[in-house]
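So you can see what is in the structure, the chains are spelled out below.
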Amino acid sequence: MKKTKTIEFMLSKDNKFIGRIKWQYDLTTNGRLVDDSGRISGDEIAVNLMTQTAKKALSEQWVTAFAIPHLLTDPFTFPEHFLTLFVKMDWDIPNELQTYWDNILGHDNNDEMLPICY
C-alpha cells in the first residue's frame, strides 16, 4: 500500500510568477519514497519549464546541489533532486518547500515528517 504526498506551490524567479505547480510522489507504508513515482502538473508554462529542466539535468548528468553531491537520477521523486533544479535554475524556493530545504541543509525543523530516502 502506498500514500501519495501532494504539494502545490507557485514557481517563480526573482519573485516573478511563472506558474502553479502540483508536485506529487508516493511513499510506502513505512515512509520510504517509491522510485520513479514523482510527477508534476499545473500551469502549462511552469510544467514545461520544469520538465525541460529535468530532462536537461538528466542528459547532462547534474549532481545534487547539497552537502554530499550525488548524481541526480529522479528529479521529480527525491526532494534533494527536486530542489537541485531550483538551485541550478535560480528559482525562488517557495514557502511550501521550505521544510524540505531546511531538512536537506540540516536545519532543525519538526513541522513535518519527511520521506526516508534510500
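For clarity, every value in this text was computed on a predicted model and none was experimentally measured. (Residues numbered from 1 in each chain as written. Predicted model: local features only at pLDDT ≥ 70, side-chain atom pairs only at ≥ 80, totals over all residues. Heavy atoms only, no water.)

Participant: Before we go on, may I ask you to explain the nonpolar core in this structure?
Facilitator: Generally speaking, nonpolar side chains in soluble globular proteins are found buried as a group. One finds Phe9, Trp23, Met50, Phe82, Phe86 and Leu97 to be the most contacted residues of the largest nonpolar core, which totals 27 residues. When contributions to this core are tallied by element, the ones reaching two or more residues are β1 (2-13), β2 (16-28), α1 (44-59), α2 (79-89) and α3 (98-105). With five residues, the top contributor of residues to this core is α1. For Leu97, the contacting residues outside a window of four places in its chain are Ile7, Phe9, Trp23, Phe82, Leu83 and Phe86. (Core = buried A, V, L, I, M, F, W, Y, C linked by side-chain atoms within 4.5 Å. Buried < 20%, exposed > 50% of the residue type's maximum accessible area, 1.4 Å probe, protein only. Helix = DSSP H or I, 4+ residues; strand = E, 2+ residues; numbered from the N terminus. Contact = heavy atoms within 4.5 Å.)

Participant: Explain the packing of aromatic side chains to me, please; I cannot follow it from the model alone.
Facilitator: Within the structure shown, the criterion is met by nine aromatic pairs. Ring geometry for Phe86 versus Trp91: centroids 5.5 Å apart, planes at 85°, classification edge-to-face. Looking at Lys88, its charged tip hangs above the ring of Trp62, at a distance of 5.7 Å from the centre. (Phe/Tyr/Trp six-rings, centres within 6.5 Å; stacked < 30°, edge-to-face > 60°. Lys NZ or Arg CZ within 6 Å of the ring centre and 35° of its normal.)

Participant: For this particular structure, what's the right way to read the confidence of the model for the chain?
Facilitator: Atomic detail in the predicted coordinates should be set aside for any region of low pLDDT. On average, residues of the chain score 88 in pLDDT, and 90% of them reach the 70 mark or higher. Here residues 109-118 scores under 50 on pLDDT; set against residues more than four positions off or in separate chains, the count is 23 contacts. (pLDDT = per-residue confidence, 0-100.)

Participant: Just checking my understanding: could you explain the sheet that holds β1 for this structure?
Facilitator: In any sheet, the strands associate via hydrogen bonds between backbone groups, in a parallel or an antiparallel arrangement. Strand order across the open sheet formed by three strands is β1-β2-β3, with antiparallel pairing between neighbours. One side of each edge strand has no neighbouring strand; the edge strands of this open sheet are β1 and β3 (39-42). Put simply, the sheet's adjacent strands are angled 25° from each other on average, direction ignored. Contacting β1, β2 and β3, α1 runs over the sheet at an angle of about 65° to β2. Packing of α2 onto the sheet brings it into contact with β1, β2 and β3, and relative to β1 it is tilted by some 5°. (Pairing = 2+ DSSP bridges. Axes fitted to C-alpha atoms, helices over the stretch in contact; angles between N-to-C directions.)

Participant: Mind showing me how you'd approach α1 here?
Facilitator: Owing to its 3.6 residues per turn, the α-helix aligns residues three or four sequence positions apart on the same side. The end-to-end C-alpha distance of α1, which contains 16 residues, comes to 22 Å, matching closely the 22 Å that a straight helix rising 1.5 Å per residue would cover. All buried positions along α1 are accounted for by Ala46, Val47, Met50, Thr53, Ala54 and Ala57. Seen along its axis, α1 keeps its buried residues to an arc of 135°; they face one direction. Across α1 from its buried face, at more than 90 degrees, point the exposed residues Glu44, Ile45, Gln52 and Ser59. Along its buried surface, α1 packs onto β1, β2, β3 and α2. In the segment just after α1, Gln61 is the residue with positive phi, at about 55°. (Expected span 1.5 Å × (residues − 1). Arc of directions from axis to C-beta.)

Participant: Is there a simple way to think about unusual backbone geometry in this case?
Facilitator: Note: most peptide bonds trans; most residues except glycine with negative phi. The backbone of Asp36 shows a phi angle near 60°, a positive value even though the residue is not glycine. By secondary structure assignment, the location of Asp36 is in the loop between β2 and β3. One non-glycine residue, Gln61, lies in the positive phi region at around 55°. Residue placement: Gln61 occurs in the loop between α1 and α2. Gln61 sits in the exposed class, given a relative accessible area of 55%.

Participant: How do you make sense of the pattern of salt bridges when you look at a structure like this?
Facilitator: Inspection of every chain in the model, using the stated rule, returns two salt bridges. Residue Lys2 pairs with Asp26 through a salt bridge whose shortest N-O separation is 3.3 Å. Here Lys2 is found in strand β1, whereas its partner Asp26 is found in strand β2, with 24 residues between them in sequence. Residue class for Lys2 comes out exposed when judged on its relative accessible area of 56%. A relative accessible area of 5% places Asp26 in the buried class. One salt bridge connects Asp26 with Arg39, and the closest N-O pair in it is separated by 3.3 Å. Here Asp26, found in strand β2, pairs with Arg39, found in strand β3; they are 13 residues apart in sequence, far enough to count as distant. One network of salt bridges, with partners in common, ties together Lys2, Asp26 and Arg39. (Salt bridge = Lys/Arg side-chain N within 4 Å of Asp/Glu carboxyl O.)

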